[in-house]
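# Coordinate inspection notes
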Amino acid sequence: MSHLGLERLTRRFPGTATPAVDGISLDLPQGALLALLGPSGCGKTTTLRMIAGLEAPDGGRILVAGRDVTALPPHRRNMGVVFQSYALFPHLTAARNVAFGLEMRGVPRAERGPRVARALELVGLEALAQRKPRQLSGGQQQRVALARALAPQPDLLLLDEPLSALDAKLREEVRDEIRAVQQRLGTTTVFVTHDQTEALAMADLVAVMNQGRIEQLATPEEVFERPATRFVATFVGRAAILGAEVVGEGMLRAGGATLLAAETPRPGKAEIFIRPHHIRPLAGDVMAENVLPGRVLRRVYTGDIITLDCETAAGNLLAEVAGGSPGAALQPGQEVRLGFAAADLRVFPA
């Protein structure tokens, strides 16, 4: 059952030729986490701000648990928001920052203490309740902001790139903590990010946005493995891109080689997308549905994964192999046969 529904939501800013958000629709089930993913300027933050009531839509509706909240002011929507900047009051302790939202909502004083304590416990900061923001690390400040958003027990939790100010290692830790808290509480959540790793790791559903529209709304696995459009294929993850021509049902020609694909558009010029982890160097006389001979141009070692940049007659291919597996010992200049399955190709009209 849908907990958050967007119906043809539109926002156009004065003086702009195209809408910032262009008639998007989606349904988010109760307890799910949705990632709005896309490049800067794609409309994801504007969408979040409209859901929060901080931006007025020019068209469409916003429904929460079946209730139309489109015209309601922010304080009547019962939503918790965590901003990119955290927006903590520097003169208040962590506990008082968390309590502030409860005070603004008129929660009786007797209830505030237990709810503040519970929220700080959820984010692991009960021992730091009396510290002020300047006495807390960036990750701890982010947790205070999250606790403040959760204390009022919101119908919807909205997160606007809350990890962007943290370093890489801390981002991963806090990312996992946010997801654990969200799942523990079962709070329906919308998370804005331009970081595909965050979106894939945290979300139940990913909406990939481009130029104000949703190009694909699906599970992280489907978005990554079965991108619906060329934009999604290039924006999410890495992919080798080969020019080709569709010559028949499930058959293509690329660089003089015939390749098999599970699905193809109508005959004509096309582009093939292949994820590096689907391409494997073949040892000896091992065969695959598709095989392209090539030569290793570059070898990049990153610990558990080795990336081989290989030149073929059809174009360059990236192959990711695990250390110790066939192909891991290949060096630049060596010949290689690259194999991949028909089902792992995505083919779009050129």
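Residues numbered from 1 in each chain as written. Predicted model: local features only at pLDDT ≥ 70, side-chain atom pairs only at ≥ 80, totals over all residues. Heavy atoms only, no water.

### A word on the environment of Asp160
Basically, it comes down to this: Numbering of helices and strands runs from the N terminus; a helix is a DSSP stretch of H or I covering at least four residues, while a strand is a stretch of E covering at least two. A 1.4 Å probe rolled over the protein chains alone gives each residue an accessible area, and that area as a share of the maximum for its type sets the label: buried under 20%, exposed over 50%, partly exposed in between. Should any heavy atoms of two residues lie within 4.5 Å, those residues are counted as being in contact. The term polar contact refers here to a pair of N or O atoms within 3.5 Å; inside protein, the definition further demands a hydrogen-donor-capable atom paired with an acceptor-capable atom, and it admits residues adjacent in sequence only when both atoms are side-chain atoms.
Among the structural elements, Asp160 can be located in strand β7 (residues 156-160). When its relative accessible area of 10% is taken as the criterion, Asp160 is described as buried. In the structure, Asp160 is positioned 123 residues away from Leu37 in sequence and 11 Å away in space, judged by C-alpha atoms. With near-sequence residues (within four places) excluded, Asp160 lies in contact with Thr45, Leu48, Val82, Phe83, Gln84 and Val192. Here Thr45 takes part through its side chain, which lies 3.4 Å from a polar atom of the side chain of Asp160.

### Considering the UniProt feature "domain: ABC transporter" (unreviewed entry) in the protein chain
Inclusion rule: UniProt positions are given in the numbering used here, feature names are shortened, and annotations may be inferred rather than shown by experiment.
UniProt tags residues 4-236 as "domain: ABC transporter" (unreviewed entry). Structurally, residues 4-236 is divided into 36% helix and 24% strand, and its ends, taken at the C-alpha atoms, are 25 Å apart.

### Some words on the sheet that holds strand β3 (residues 33-37)
Our working definition: When DSSP finds at least two bridges between two strands, those strands are taken to pair. Fitted lines through C-alpha atoms give the axes, limited to the stretch in contact for helices. The angle between two N-to-C directions lies from 0 to 180 degrees.
Read from one edge of the open sheet, 6 strands run β6-β7-β8-β3-β9-β10, paired in mixed fashion. Edge strands, defined here as strands with exactly one partner in the open sheet, are β6 (79-82) and β10 (213-218). Across this sheet, the average inter-strand angle for adjacent strands is 15°, counted without regard to direction. Where β3 and strand β9 (residues 205-210) come together, 4 bridges link them in parallel fashion. Along β9, the bridge assignment pairs Ala35 with Val206.

### Thoughts on the pairing of strand β13 (residues 257-260)
Burial along β13 is one-sided: the residues Ala257 and Leu259 are buried and none of Thr258 and Leu260 is. The pairing of strand β12 (residues 251-254) with β13 spans 4 bridges and is antiparallel. Bridging from a neighbouring strand, Arg253 pairs with Thr258 of β13. Between β12 and the antiparallel strand that follows it, β13, lie 2 residues; Gly255 among them carries a positive phi value of about 55°.

### Side note on the pattern of salt bridges
Side chains that differ in charge, positive against negative, can pair when their charged atoms come close. What counts here: When a carboxyl oxygen of Asp or Glu lies within 4 Å of a side-chain nitrogen of Lys or Arg, that pair is called a salt bridge.
Taken as a whole and judged by the stated rule, the model has 19 salt bridges. Between Lys169 and Glu173 there is a salt bridge; the shortest N-O distance is 3.7 Å. With a gap of 4 residues between them, Lys169 and Glu173 both fall in helix α5 (residues 168-185), about one helical turn apart. Exposure remark for Glu173: the relative accessible area of 36% places this residue in the partly exposed category. For Asp204, the salt bridge goes to Arg179, with nearest N and O atoms at 2.7 Å. Here the residue Asp204 occupies a position in the loop between α6 (196-202) and β9, and Arg179 occupies one in helix α5, the gap between them amounting to 25 residues. You can call Asp204 partly exposed: its relative accessible area is 31%. Salt bridges linked by common partners bring Arg11, Arg49, Glu55 and Asp58 together as one network.

### So, the side chain of Arg148
The criterion, for reference: Counted charges follow a simple rule, with Lys and Arg positive, Asp and Glu negative, and His plus the chain ends left uncounted.
Tracing the chain through its elements places Arg148 in helix α4 (residues 138-150). Buried Arg148, no salt bridge; nearest opposite-charge side chain is Glu103, N-O distance 11 Å. From its side chain, Arg148 meets the backbone oxygen of Ala87 in a polar contact 3.1 Å long. Apart from the residues within four sequence positions on either side, Arg148 is in contact with Tyr86, Ala87, Leu88, Phe89, Asn97 and Val98.

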